[in-house]
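Below are the chains, spelled out letter by letter.
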Amino acid sequence: MLKQFTLGLCSVALIALTISPAQTHEAPIALVIHGGAGTLEKSQMTPARRKSYEAVLTQSLQAGHGILKKGGSSLDAVEASIHILEDSPLFNAGKGAVFTHDGTHELDASIMNGQNLAAGAVAGVKHIQNPISLARAVMEKSPHVLMAGSGAEAFASFLGMPKVEQSYFFTQEKWDLLQEVKREAEQAKPFGTVGAVALDRAGNLAAGTSTGGMTNKRFGRVGDSPIIGAGTYANNKACGVSATGHGEYFIRTAVAHDIFARMAYGNKSLKQAADEVIMGVLKPMGGEGGIIAIDKQGQIETSFNGDGMYRGWVDSKGQLMVKIYRE
């Protein structure tokens, strides 16, 4: 009888060991990215071109989500995802940055840690291959939040970060766009941005944004991308946000922080807050663009008021999705 009872206990223990992994609840992780709201018209989007955009967006998602799956930080995931987009000539950041009126490149970026509200940003840098990494260095290796122009580049040299020549950023498509804008006598033309928002296993949110700004911009113009609270914001109390669009409007309405505030102080859901700001505040003013965001539970939202936005995400269930238009 004792022997039978012992065997019974062993069987129960074996069953418990077998089912316990399936019952283990892991904290959610999530990642969302964007490649700008200035998407091509559908008539210009060939199947081959669309495939190219989707491939880079997917690669960016895989880079960031791979870090999160291994227990890495949301900051590392955001930086890794944005690196892929900065290194691609398809997007207006890093390698594919648009041209200023003078035929040069001036790049901006910012990053924010939702755990402690630390933030870093750079504006108007001309020789930094991955501005998002310099923005993170400002956050982690200086007492400041925003550095600009030659000062930011001097800080990069102080840290031993490599520089690149302006020719590195050249793409024929962006050069042709500058000539088109000048012919049409447009003051400047918004062209998009890249960004990422992540939630890690520790429950920490992070957001980052990087851009080449507006085609034909002059006089050291800086948009919303390096402005904390406008183009980028993250706070574990509610959400992380990265924006893209006509930066002047995003600065004037503090878009990223407004979305956070509506959640934190108005008890709105992420979707409610994002849509209220993008559709209810920006659109009536004439501000075109959108945002990507994640809340503290891992809910992902993408909201935009134009025809499309290059975007993709891996949700808390591990499902990957990439989209361009309103589909």
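Every chain begins its residue count from 1, and numbering advances along the sequence as written. In keeping with the model being predicted, local features are shown solely for residues with a pLDDT of at least 70 and side-chain atom pairs are shown and tallied solely at 80 or more, while totals for entire chains, interfaces and linings include all residues. Each side-chain value is worked out from all heavy atoms of the structure, with water and hydrogens disregarded.

**A look at the layout of surface pockets**
Phase 1: Volume-wise, the largest pocket comes out at about 630 Å³.
Phase 2: Here the second largest pocket is characterised by a volume of approximately 220 Å³.
Phase 3: The pocket and cavity definitions rest on a 1 Å grid over protein atoms only: a 1.4 Å probe that fits but cannot leave marks a cavity, an open set with protein on both sides within 12 Å along at least five of seven lines marks a pocket, and residues lining either have an atom within 4 Å of a point. In terms of lining residues, the second largest pocket is bounded by 14 residues, among which Thr302, Ser303, Phe304, Arg311 and Arg326 are the most central.
Phase 4: Of all the elements in the fold, those that place two or more residues in the lining of the second largest pocket are helix 9 (270-285), strand 10 (300-304) and strand 11 (308-314).
Phase 5: In terms of residue count, strand 10 provides more of the lining of the second largest pocket than any other element does, five residues in total.
Phase 6: Partitioning the lining of the second largest pocket into residue classes produces five nonpolar, two polar and seven charged. Grid points are joined across faces, edges and corners, and a volume is the space filled by probe spheres set on the points. Secondary structure follows DSSP: runs of H or I at least 4 residues long count as helices, runs of E at least 2 residues long count as strands, and numbering of each begins at the N terminus. Gly counts as polar in this scheme, as do all residues outside two lists: the nonpolar Ala, Val, Leu, Ile, Met, Phe, Trp, Tyr, Cys and Pro, and the charged Asp, Glu, Lys and Arg.

**Details of the pairing of strand 9 (residues 289-295)**
Phase 1: Among the seven residues in strand 9, seven count as buried, and that is most of the element.
Phase 2: In strand 9, alternate side chains face the same way, and those of Gly289, Ile291, Ala293 and Asp295 on one face and Gly290, Ile292 and Ile294 on the other are all buried.
Phase 3: Only when DSSP finds a minimum of two bridges between them are two strands counted as paired. Here strand 9 pairs with strand 10 via five bridges, running antiparallel. Looking at strand 10, one finds that Gly290 is bridged to Phe304.
Phase 4: The hairpin turn running from strand 9 into strand 10, its antiparallel successor, is four residues long, and Gly298 in that turn takes a positive phi close to 95°. Using a 1.4 Å probe on the protein chains alone, a residue whose accessible area is under 20% of its type maximum counts as buried, one over 50% counts as exposed, and one in between counts as partly exposed.

**What to know about the sheet that holds strand 9**
Phase 1: Here four strands make up an open sheet; going across it, the order is 7-8-9-10 and the pairing antiparallel. Each end of this open sheet is capped by a strand with a single partner; those strands are strand 7 (232-235) and strand 10. Neighbour-to-neighbour, the strand axes of this sheet turn through a mean angle of 10°, independent of strand direction.
Phase 2: Sheet analysis places strand 7 next to strand 8 (residues 239-245), joined by four bridges and oriented antiparallel. Under this scheme, a helix contributes an axis fitted over its contacting stretch, all axes are lines through C-alpha atoms, and angles between N-to-C directions fall in the 0 to 180 degree range.

**Describing the sheet that holds strand 4 (residues 146-148)**
Across a sheet, paired strands are connected by hydrogen bonds in the backbone, their directions being either parallel or antiparallel.
Phase 1: Taken in spatial order, the eight strands make up an open sheet running 4-3-2-6-5-1-11-12, and their pairing is mixed. The sheet is open, and its two edges are formed by strand 4 and strand 12 (320-325), each paired on a single side. Each strand axis lies, on average, 10° off the axis of its neighbour in the sheet, ignoring direction.
Phase 2: The contact criterion used is simple: two residues touch if any of their non-hydrogen atoms lie within 4.5 Å. Packing against the sheet, helix 2 (residues 47-69) makes contact with strand 1 (30-34), strand 5 (194-199), strand 11 and strand 12, and its axis sits at approximately 145° to strand 12.
Phase 3: The strands that helix 4 (residues 131-141) touches are strand 2 (107-113), strand 3 (119-125), strand 4 and strand 6 (205-211); relative to strand 3, the one it contacts most, it runs at about 130°.

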